[in-house]
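Survey of secondary and tertiary structure
What follows is each chain in one-letter form.
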Amino acid sequence: VIDALMAIEITPAEGWTKSNALQSICARSGPGSLPLYAGDHLNDAEAFEAASALGGITIGIGADAPAAASYRLPDQEALGTLVLGIVEALSGKRKA
């Protein structure tokens, strides 16, 4: 159990990390999948590296995000707005 900013992270004792999980999900998603990883704390750095190695997009949220992020957003609300915009664009429901 790890105390994080506004969260408590519980990880398995078998050595799983955020980057292991990301790699596993991408491997099971099939060809053409594109990882998008957003993180708000330094403990997301390893997953940022994994996402980048897979050709993915990394988004740092807030001031404590790893410097390795490809893009930055000021807060979680901005991330929510971005994700909603992506979903709307992909579903063809984007408002003009």
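So, here is what we can say about the structure in this document. (Residues numbered from 1 in each chain as written. Predicted model: local features only at pLDDT ≥ 70, side-chain atom pairs only at ≥ 80, totals over all residues. Heavy atoms only, no water.)

1. Things to note about helix α2 (residues 45–53)
- Among all positions of α2, only Ala 47, Phe 48, Ala 50 and Ala 51 are buried. Projected down its long axis, α2 carries its buried residues within an arc of 165°, all on one side. Of the exposed residues in α2, the ones pointing more than 90 degrees away from its buried face are Glu 49 and Ala 53.
- On its buried face, α2 is in contact with α1 (18–29), β3 (36–39) and β4 (57–61). (Buried < 20%, exposed > 50% of the residue type's maximum accessible area, 1.4 Å probe, protein only. Helix = DSSP H or I, 4+ residues; strand = E, 2+ residues; numbered from the N terminus. Arc of directions from axis to C-beta. Contact = heavy atoms within 4.5 Å.)

2. Thoughts on the nonpolar core
- In this structure, Leu 22, Cys 26, Tyr 37, Ala 47, Phe 48, Ala 50, Ala 51 and Ala 69 together form the largest nonpolar core, which totals eight residues.
- Counting only elements with at least two residues in this core, the list comes to α1 and α2.
- With four residues, α2 is the largest single contributor of residues to this core.
- Ignoring anything within four residues of it in the chain, the contact list for Ala 69 reads Phe 48, Thr 58, Ile 59 and Gly 60.
- Ile 61, Leu 73, Ala 78 and Leu 79 belong to the second-largest nonpolar core, a separate cluster that totals five residues. (Core = buried A, V, L, I, M, F, W, Y, C linked by side-chain atoms within 4.5 Å.)

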